[in-house]
Amino acid sequence: MADLPAATEAVVVAFPHAGGSGAAYRGWQRALGPRIALLAVTHPGHTGRFTEPLLETCEELADEVAPRLTARPGLPLVLFGHSMGSLVAFEVARRLEQRYGISPAHLFVSGSPGPGRPARATASYRLPDDRLIGWLEEMGGCDEAIARDRELMAFLLPVLRADLRAGESYRPWTGSGVSCPVTALTGAQDPSVTPAENLAWQEATGAAFRQHIFPGGHFYLHEDAAVVATVRRTAEDSYRLPTEHKELTS
(Lines give C-alpha, C1' and ligand atoms only; values in the text may rest on other atoms or scores of the structure.)
Protein backbone atom coordinates (compact mmCIF):
# COMPACT_ATOMS: atom_id res chain seq x y z
CA MET A 1 0.00 0.00 0.00
CA ALA A 2 1.27 3.47 -0.80
CA ASP A 3 2.43 5.75 2.00
CA LEU A 4 -0.61 7.35 3.59
CA PRO A 5 -0.97 10.60 5.54
CA ALA A 6 -0.60 10.20 9.29
CA ALA A 7 -4.19 11.37 9.81
CA THR A 8 -5.65 8.55 7.72
CA GLU A 9 -8.47 6.68 9.46
CA ALA A 10 -9.84 4.74 6.45
CA VAL A 11 -8.93 4.07 2.82
CA VAL A 12 -11.20 4.16 -0.21
CA VAL A 13 -9.84 1.98 -3.03
CA ALA A 14 -11.45 2.97 -6.34
CA PHE A 15 -11.45 0.72 -9.43
CA PRO A 16 -12.02 2.25 -12.88
CA HIS A 17 -14.37 1.37 -15.72
CA ALA A 18 -13.18 -0.41 -18.86
CA GLY A 19 -10.49 1.63 -20.58
CA GLY A 20 -10.22 3.97 -17.60
CA SER A 21 -7.56 4.65 -15.00
CA GLY A 22 -7.27 6.10 -11.53
CA ALA A 23 -7.72 9.54 -13.12
CA ALA A 24 -11.44 8.75 -13.35
CA TYR A 25 -11.64 9.57 -9.64
CA ARG A 26 -9.89 12.90 -9.91
CA GLY A 27 -11.45 15.22 -7.36
CA TRP A 28 -12.63 12.53 -4.98
CA GLN A 29 -9.82 13.06 -2.47
CA ARG A 30 -10.96 16.59 -1.70
CA ALA A 31 -14.55 15.40 -1.30
CA LEU A 32 -13.51 12.56 1.02
CA GLY A 33 -11.69 14.86 3.40
CA PRO A 34 -8.34 14.59 5.23
CA ARG A 35 -9.07 11.49 7.33
CA ILE A 36 -9.99 9.25 4.38
CA ALA A 37 -7.25 8.40 1.88
CA LEU A 38 -8.08 7.66 -1.74
CA LEU A 39 -6.19 4.94 -3.61
CA ALA A 40 -7.36 5.20 -7.22
CA VAL A 41 -6.29 2.04 -9.04
CA THR A 42 -4.57 2.14 -12.43
CA HIS A 43 -4.14 -1.29 -13.96
CA PRO A 44 -1.04 -2.48 -15.88
CA GLY A 45 -0.95 -1.23 -19.45
CA HIS A 46 -3.10 1.81 -18.66
CA THR A 47 -2.24 5.50 -18.25
CA GLY A 48 1.02 5.82 -16.34
CA ARG A 49 1.73 2.07 -16.67
CA PHE A 50 1.86 1.74 -20.45
CA THR A 51 5.15 -0.17 -20.39
CA GLU A 52 3.52 -3.07 -18.51
CA PRO A 53 1.56 -5.77 -20.33
CA LEU A 54 -2.23 -5.62 -20.26
CA LEU A 55 -3.98 -8.26 -18.17
CA GLU A 56 -6.74 -10.28 -19.80
CA THR A 57 -9.20 -11.22 -17.05
CA CYS A 58 -10.87 -9.65 -14.03
CA GLU A 59 -9.32 -12.39 -11.93
CA GLU A 60 -5.81 -11.43 -13.06
CA LEU A 61 -6.53 -7.78 -12.37
CA ALA A 62 -7.71 -8.68 -8.87
CA ASP A 63 -4.65 -10.87 -8.25
CA GLU A 64 -2.43 -7.90 -9.11
CA VAL A 65 -4.18 -5.50 -6.71
CA ALA A 66 -5.18 -7.56 -3.66
CA PRO A 67 -1.70 -8.21 -2.17
CA ARG A 68 -0.93 -4.50 -2.30
CA LEU A 69 -3.80 -3.77 0.10
CA THR A 70 -2.55 -5.96 2.93
CA ALA A 71 0.26 -3.78 4.29
CA ARG A 72 -1.92 -2.11 6.94
CA PRO A 73 -4.64 -4.65 7.77
CA GLY A 74 -6.00 -2.70 10.74
CA LEU A 75 -7.03 0.21 8.54
CA PRO A 76 -10.63 -0.02 7.23
CA LEU A 77 -10.79 -0.56 3.47
CA VAL A 78 -13.78 0.63 1.46
CA LEU A 79 -13.74 -0.75 -2.09
CA PHE A 80 -15.54 1.09 -4.89
CA GLY A 81 -15.78 -0.24 -8.44
CA HIS A 82 -17.60 1.14 -11.45
CA SER A 83 -18.76 -0.97 -14.41
CA MET A 84 -16.01 -3.54 -15.08
CA GLY A 85 -14.35 -2.16 -11.95
CA SER A 86 -17.22 -3.59 -9.89
CA LEU A 87 -16.23 -7.12 -10.89
CA VAL A 88 -12.58 -6.42 -10.10
CA ALA A 89 -13.46 -4.86 -6.73
CA PHE A 90 -15.64 -7.88 -5.89
CA GLU A 91 -12.85 -10.29 -6.78
CA VAL A 92 -10.37 -8.24 -4.72
CA ALA A 93 -12.75 -8.38 -1.74
CA ARG A 94 -13.03 -12.16 -2.09
CA ARG A 95 -9.24 -12.52 -2.22
CA LEU A 96 -8.71 -10.28 0.80
CA GLU A 97 -11.15 -12.39 2.83
CA GLN A 98 -10.19 -15.84 1.59
CA ARG A 99 -6.42 -15.49 1.21
CA TYR A 100 -5.42 -12.80 3.71
CA GLY A 101 -8.13 -12.90 6.39
CA ILE A 102 -8.99 -9.24 5.85
CA SER A 103 -12.62 -8.25 5.39
CA PRO A 104 -13.22 -4.89 3.71
CA ALA A 105 -15.36 -2.49 5.70
CA HIS A 106 -17.64 -2.08 2.68
CA LEU A 107 -17.93 -2.88 -1.01
CA PHE A 108 -19.57 -0.46 -3.46
CA VAL A 109 -20.51 -1.85 -6.88
CA SER A 110 -21.63 0.67 -9.48
CA GLY A 111 -23.08 0.47 -12.98
CA SER A 112 -22.91 -3.32 -13.14
CA PRO A 113 -25.27 -6.30 -12.95
CA GLY A 114 -24.76 -8.75 -10.11
CA PRO A 115 -21.85 -11.16 -10.58
CA GLY A 116 -24.18 -14.12 -10.85
CA ARG A 117 -25.85 -12.64 -13.91
CA PRO A 118 -24.30 -12.55 -17.38
CA ALA A 119 -23.72 -9.00 -18.57
CA ARG A 120 -26.12 -7.66 -21.18
CA ALA A 121 -23.58 -6.83 -23.88
CA THR A 122 -23.84 -3.30 -25.29
CA ALA A 123 -20.41 -3.47 -26.92
CA SER A 124 -17.78 -6.04 -27.61
CA TYR A 125 -14.04 -5.96 -27.84
CA ARG A 126 -14.52 -7.54 -31.28
CA LEU A 127 -16.25 -4.46 -32.76
CA PRO A 128 -14.40 -2.57 -35.50
CA ASP A 129 -12.76 0.68 -34.43
CA ASP A 130 -15.42 3.07 -35.76
CA ARG A 131 -18.30 1.23 -34.08
CA LEU A 132 -16.41 0.89 -30.80
CA ILE A 133 -15.63 4.61 -30.78
CA GLY A 134 -19.27 5.39 -31.56
CA TRP A 135 -20.41 3.22 -28.66
CA LEU A 136 -17.95 4.95 -26.34
CA GLU A 137 -19.35 8.35 -27.30
CA GLU A 138 -22.94 7.17 -26.84
CA MET A 139 -22.15 5.93 -23.35
CA GLY A 140 -20.60 9.28 -22.43
CA GLY A 141 -17.16 7.80 -21.90
CA CYS A 142 -15.27 9.88 -24.44
CA ASP A 143 -15.25 13.52 -25.57
CA GLU A 144 -15.90 14.08 -29.27
CA ALA A 145 -12.52 15.80 -29.70
CA ILE A 146 -10.70 12.77 -28.31
CA ALA A 147 -12.81 10.36 -30.35
CA ARG A 148 -11.83 12.21 -33.53
CA ASP A 149 -8.11 12.09 -32.72
CA ARG A 150 -7.18 8.96 -34.67
CA GLU A 151 -3.61 8.85 -33.41
CA LEU A 152 -4.70 9.03 -29.79
CA MET A 153 -7.50 6.51 -30.25
CA ALA A 154 -5.11 4.08 -31.93
CA PHE A 155 -3.16 4.24 -28.67
CA LEU A 156 -6.21 3.93 -26.37
CA LEU A 157 -8.39 1.38 -28.16
CA PRO A 158 -6.18 -1.65 -27.36
CA VAL A 159 -6.54 -0.78 -23.67
CA LEU A 160 -10.31 -0.52 -23.97
CA ARG A 161 -10.50 -3.79 -25.90
CA ALA A 162 -8.46 -5.62 -23.27
CA ASP A 163 -10.75 -4.39 -20.49
CA LEU A 164 -13.93 -5.20 -22.42
CA ARG A 165 -12.54 -8.66 -23.05
CA ALA A 166 -11.87 -9.07 -19.32
CA GLY A 167 -15.45 -8.13 -18.54
CA GLU A 168 -16.92 -10.33 -21.27
CA SER A 169 -14.83 -13.34 -20.24
CA TYR A 170 -15.92 -13.10 -16.59
CA ARG A 171 -17.91 -16.22 -15.84
CA PRO A 172 -21.13 -15.71 -13.86
CA TRP A 173 -20.13 -16.15 -10.24
CA THR A 174 -21.52 -19.17 -8.41
CA GLY A 175 -19.09 -19.57 -5.50
CA SER A 176 -18.81 -17.99 -2.10
CA GLY A 177 -19.55 -14.31 -1.86
CA VAL A 178 -18.22 -11.75 0.59
CA SER A 179 -18.94 -11.26 4.27
CA CYS A 180 -18.77 -7.46 4.14
CA PRO A 181 -21.74 -5.13 3.54
CA VAL A 182 -22.42 -4.26 -0.10
CA THR A 183 -24.02 -1.19 -1.65
CA ALA A 184 -25.08 -1.32 -5.30
CA LEU A 185 -25.35 1.93 -7.23
CA THR A 186 -26.64 2.62 -10.72
CA GLY A 187 -27.92 5.34 -13.02
CA ALA A 188 -31.64 5.18 -13.75
CA GLN A 189 -31.03 5.73 -17.48
CA ASP A 190 -27.96 3.49 -17.85
CA PRO A 191 -28.40 1.53 -21.11
CA SER A 192 -25.99 -1.19 -20.02
CA VAL A 193 -27.67 -2.31 -16.78
CA THR A 194 -31.18 -2.06 -15.35
CA PRO A 195 -31.85 -1.33 -11.67
CA ALA A 196 -33.17 -4.90 -11.33
CA GLU A 197 -29.95 -6.36 -12.75
CA ASN A 198 -27.92 -4.13 -10.43
CA LEU A 199 -30.06 -5.27 -7.48
CA ALA A 200 -28.80 -8.82 -8.06
CA TRP A 201 -25.62 -7.85 -6.18
CA GLN A 202 -27.56 -8.63 -3.00
CA GLU A 203 -26.92 -12.31 -3.76
CA ALA A 204 -23.17 -11.78 -3.36
CA THR A 205 -23.12 -10.95 0.36
CA GLY A 206 -24.33 -12.48 3.57
CA ALA A 207 -24.17 -9.08 5.28
CA ALA A 208 -26.17 -5.88 4.92
CA PHE A 209 -27.15 -4.74 1.43
CA ARG A 210 -28.44 -1.46 0.03
CA GLN A 211 -29.15 -0.08 -3.41
CA HIS A 212 -29.16 3.55 -4.53
CA ILE A 213 -30.48 4.64 -7.93
CA PHE A 214 -29.26 8.02 -9.18
CA PRO A 215 -30.45 10.13 -12.10
CA GLY A 216 -28.30 9.78 -15.22
CA GLY A 217 -26.70 7.27 -17.53
CA HIS A 218 -23.68 5.00 -17.27
CA PHE A 219 -21.36 7.72 -15.97
CA TYR A 220 -23.86 9.22 -13.53
CA LEU A 221 -21.24 9.09 -10.75
CA HIS A 222 -19.27 11.96 -12.31
CA GLU A 223 -22.38 14.16 -12.41
CA ASP A 224 -23.78 13.76 -8.89
CA ALA A 225 -21.83 14.80 -5.79
CA ALA A 226 -24.16 12.61 -3.71
CA VAL A 227 -22.25 9.54 -4.89
CA VAL A 228 -18.93 10.41 -3.29
CA ALA A 229 -20.81 11.81 -0.28
CA THR A 230 -22.38 8.37 0.21
CA VAL A 231 -18.95 6.75 0.03
CA ARG A 232 -17.56 9.26 2.50
CA ARG A 233 -20.30 8.62 5.07
CA THR A 234 -19.70 4.89 4.85
CA ALA A 235 -15.93 5.30 5.24
CA GLU A 236 -16.47 7.56 8.25
CA ASP A 237 -18.72 4.95 9.84
CA SER A 238 -15.99 2.34 9.33
CA TYR A 239 -13.56 4.09 11.65
CA ARG A 240 -16.17 5.38 14.08
CA LEU A 241 -17.23 1.73 14.59
CA PRO A 242 -13.72 0.21 14.65
CA THR A 243 -14.69 -3.27 15.81
CA GLU A 244 -16.84 -4.07 12.77
CA HIS A 245 -15.70 -5.52 9.42
CA LYS A 246 -11.98 -5.00 9.74
CA GLU A 247 -10.48 -8.46 9.90
CA LEU A 248 -11.90 -11.93 9.61
CA THR A 249 -11.40 -14.20 12.56
CA SER A 250 -10.79 -17.92 12.32
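Since we're looking at a predicted model, the values are computed, not measured.

Caption draft 1: Spotlight on the sheet that holds strand 3 (residues 77-82). Pairing in this open sheet of 6 strands is parallel, and the strands run 2-1-3-4-5-6 from one edge to the other. Here the strands that pair on one side only, and so sit at the sheet edges, are strand 2 (36-40) and strand 6 (209-214). Across the sheet, the mean angle from the axis of one strand to that of its neighbour is 15°, orientation sign disregarded. As paired strands, strand 5 (residues 182-187) and strand 6 are joined by 6 bridges and run parallel to one another. Bridge assignment links G187 to a residue of strand 6, and that residue is F214. Each of strand 1 (10-15), strand 3 and strand 4 (106-110) is contacted by helix 3 (residues 84-100), which is oriented at about 150° to strand 3, the strand it contacts most.

Caption draft 2: Structural detail: the packing of helix 2 (residues 58-65) against helix 3. Remark: helix 2 packs on helix 3, axes separated minimally by 8 Å, with the N-to-C direction vectors making an angle of 55°. As the angle between them shows, helix 2 and helix 3 are arranged oblique. Like other packed secondary-structure pairs, helix 2 and helix 3 cross with a definite hand, here right-handed. Residues C58, E59, L61, A62, D63 and V65 of helix 2 pack against M84, L87, V88, E91, V92, R95 and R99 of helix 3.

Caption draft 3: How the structure looks around the pattern of salt bridges. Scanning all chains against the criterion turns up 11 salt bridges. Salt bridges linked by common partners bring D63, E91, R94, R95 and R99 together as one network.

Caption draft 4: The confidence of the model for the protein, seen in detail. Averaged over every residue, the pLDDT of the protein is 88; the share at 70 or more is 91%. In the predicted structure, residues 242-250 sits below a pLDDT of 50 and forms 21 contacts with residues beyond four places in sequence or in another chain.

Caption draft 5: Structural view of the packing of aromatic side chains. Applying the stated rule across the entire model yields 6 aromatic pairs. Taking the centre distance of 4.9 Å and the plane angle of 75° together, the rings of Y25 and W28 count as edge-to-face. Residue Y25 shares its accessibility class with W28, and that shared class is buried. Both rings, one in F80 and one in F108, keep their centres 6.0 Å apart while their planes meet at 35°; by these two values the pair is tilted. Taken as a pair, F80 in strand 3 and F108 in strand 4 lie far apart in primary sequence, 28 residues in all.

Calculation rules
- Residues numbered from 1 in each chain as written.
- Predicted model: local features only at pLDDT ≥ 70, side-chain atom pairs only at ≥ 80, totals over all residues.
- Heavy atoms only, no water.
- Pairing = 2+ DSSP bridges.
- Helix = DSSP H or I, 4+ residues; strand = E, 2+ residues; numbered from the N terminus.
- Axes fitted to C-alpha atoms, helices over the stretch in contact; angles between N-to-C directions.
- Contact = heavy atoms within 4.5 Å.
- Parallel < 35°, antiparallel > 145°, perpendicular 65-115°, else oblique.
- Left-handed = near helix turned anticlockwise from the far one by under 90°.
- Salt bridge = Lys/Arg side-chain N within 4 Å of Asp/Glu carboxyl O.
- pLDDT = per-residue confidence, 0-100.
- Phe/Tyr/Trp six-rings, centres within 6.5 Å; stacked < 30°, edge-to-face > 60°.
- Buried < 20%, exposed > 50% of the residue type's maximum accessible area, 1.4 Å probe, protein only.

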